[in-house]
Amino acid sequence: MNTKIFLSPIVLLIIALTILTACSDGKKNGSSSSDNKTATVQSNKPLNISIYLDLSDRLERQMVPSQKDRDIEIVNYLTEVVKNHAVAQKILPSRDRIKVFFYPTPNDSKIALLSQDLEMDLSRVQPAEKKQILLDFQEKFNTSLTKIYEATMQDKNWIGSDIWGFFKKQVDTYCIREDARNIIVILTDGYLFYAPNKQKDGNNYSYILPQTLSNPNSGLIVSRQGLENLEVLLLEVNPYDPKHQDQMETILQNWFRNMGVQKMYVGETDQPSNTRLIIDKFMK
C-alpha cells in the first residue's frame, strides 16, 4: 500500500516532464498552436478569381473542339472550383468572388447587358441568399457567355486585346482585393495588340505580333511593378507558327515576373480535360 502511494507522484512528475518536453520541441520546430492557426487562416483566404477573355479573331481558328468551346469549358470549370471552395467554407462565411470581363469592352449593347450576369460575389450578399446564388450562378455564366461568343463571332468586330494596357492601368482595380487570394485567368492565343496603345522601346513592345516574334530579342515593355499579391494563369497560347510557342511563353513569363508576379503559369492550348488538370495543380 505504501509503495503505491510513493510511486504516484513519480508517475505524475514523469508525465509533466514529458508534456513540457513536447511543448518545447514544438516551439523549436515552429509548430506551435499559433503557427498552425496562421497557416489555416492563410489557406482559407477567399478566392478572388478574375477571368480575362480575349474576344478577337482567335475565335475563328480551326480547332476541335473550337476555341469558343474550349474557353467556355474553362470558365465553367473555374465556376465549379469557386463553388466547391465556398461549400468547403460552409457557404455562409464565404466571401469568394468570380468575374468574367473583356478589355477593352466590346462596343455592343447586347454584350454589355449579358456581361452583368458574369460576376458572382458572395462578399456582397446576405448569408441567407448565398446558397441560392451558388445554385444559380453557374447556369447564368454558361448561358450569358455562350450568347456573348455567338454575338461576337457573328459581328466579327474584332477590336483587339489590350492585355498590356490592362496590366498598366486597370488590373489593381479589377482584380486585387486585400485579404484574398487574387488570381487572374487570361484566355488568349498570346498575340497582344490594341492599336491605341501601340508603343515601342528598342526591342520591347506593348504588343506581340508575328513580326515582333521574328526578332529573337523581342520582349514586352514593363510599365509597372508591385503585383506580388496577384497570381497569373494564362492559358490557350497558340501562335500561328508552332516554332514561336516557347518564345511567346518566355516573353509573357518574363513580363509578369518583372511586374512582381510571383506565381504564374503560361501554357499552350490543349484539350479541356488536360486544361482542367493544369487548373487543379495551379489552385493548390
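The preceding data block contains the structure.
These lines cover the structure that appears in this document, whether it is placed above or below. On a predicted model such as this, the values are computed, not experimentally measured, just so you know.

### Description of the overall build of the chain
Secondary structure summary: the chain contains ten helices and nine strands in total. Across the 284 residues in the chain, those meeting the buried criterion constitute 46%. Within the chain, contacts between residues separated by at least 24 positions form 76% of all contacts whose residues are at least 6 apart in sequence. Accessible surface, the chain: about 15400 Å² in total, of which carbon and sulfur atoms supply 52%.

### Some thoughts on the pairing of strand β4 (residues 181-187)
The buried count for β4 comes to seven of seven residues, which makes it a mostly enclosed element. What you see with β4 is no split at all: R181, I183, V185 and L187 on one side and N182, I184 and I186 on the other are buried throughout. When strand β1 (residues 47-53) meets β4, the two strands line up parallel, connected through seven bridges. The partner of S50 across the bridge, within β4, is I184. The pairing of β4 with strand β8 (residues 231-237) spans five bridges and is parallel. The partner of I186 across the bridge, within β8, is L234.

### Side note on the packing of helix α3 (residues 67-88) against helix α5 (residues 127-155)
Interaxial distance between α3 and α5 falls to 10 Å at its minimum, and their mutual angle equals 165 degrees. Regarding the angle of α3 to α5, the classification is roughly antiparallel. Like other packed secondary-structure pairs, α3 and α5 cross with a definite hand, here right-handed. On α5, the residues that touch K68, D71, I72, V75, N76, T79, E80, K83 and A86 of α3 are L134, F137, Q138, F141, N142, L145, T146, Y149, E150 and M153. Across the contact of α3 with α5, the residue classes tally to nine nonpolar, five polar and five charged.

### A word on the pairing of β8
Within β8, seven of the seven residues are buried, leaving the element largely enclosed by the surrounding structure. Bridge count between β8 and strand β9 (residues 263-268): five bridges; the pairing is parallel. Of the residues in β9, the one forming a bridge with V237 is E268. For the handedness criterion, the β-α-β arrangement of β8, helix α9 (residues 245-258) and β9 is classed as right-handed.

### With respect to helix α10 (residues 272-283)
Taking 1.5 Å per residue as the helical rise, α10 with its twelve residues ought to reach 16 Å, and the 16 Å between its terminal C-alpha atoms agrees with that figure. Of all the residues in α10, the buried ones are P272, T275, I279, F282 and M283. One side of α10 holds all its buried residues, which, seen down the axis, span an arc of 95 degrees. When the buried face of α10 is taken as reference, the exposed residues oriented beyond 90 degrees from it are L277 and K281.

Analysis parameters
- Residues numbered from 1 in each chain as written.
- Predicted model: local features only at pLDDT ≥ 70, side-chain atom pairs only at ≥ 80, totals over all residues.
- Heavy atoms only, no water.
- Helix = DSSP H or I, 4+ residues; strand = E, 2+ residues; numbered from the N terminus.
- Buried < 20%, exposed > 50% of the residue type's maximum accessible area, 1.4 Å probe, protein only.
- Contact = heavy atoms within 4.5 Å.
- Areas by Shrake-Rupley, 256 points an atom, 1.4 Å probe, with all protein chains shown as cover.
- Pairing = 2+ DSSP bridges.
- Axes fitted to C-alpha atoms, helices over the stretch in contact; angles between N-to-C directions.
- Parallel < 35°, antiparallel > 145°, perpendicular 65-115°, else oblique.
- Left-handed = near helix turned anticlockwise from the far one by under 90°.
- Nonpolar A, V, L, I, M, F, W, Y, C, P; charged D, E, K, R; others polar.
- Right-handed = clockwise from strand over helix to strand, strands pointing away.
- Expected span 1.5 Å × (residues − 1).
- Arc of directions from axis to C-beta.

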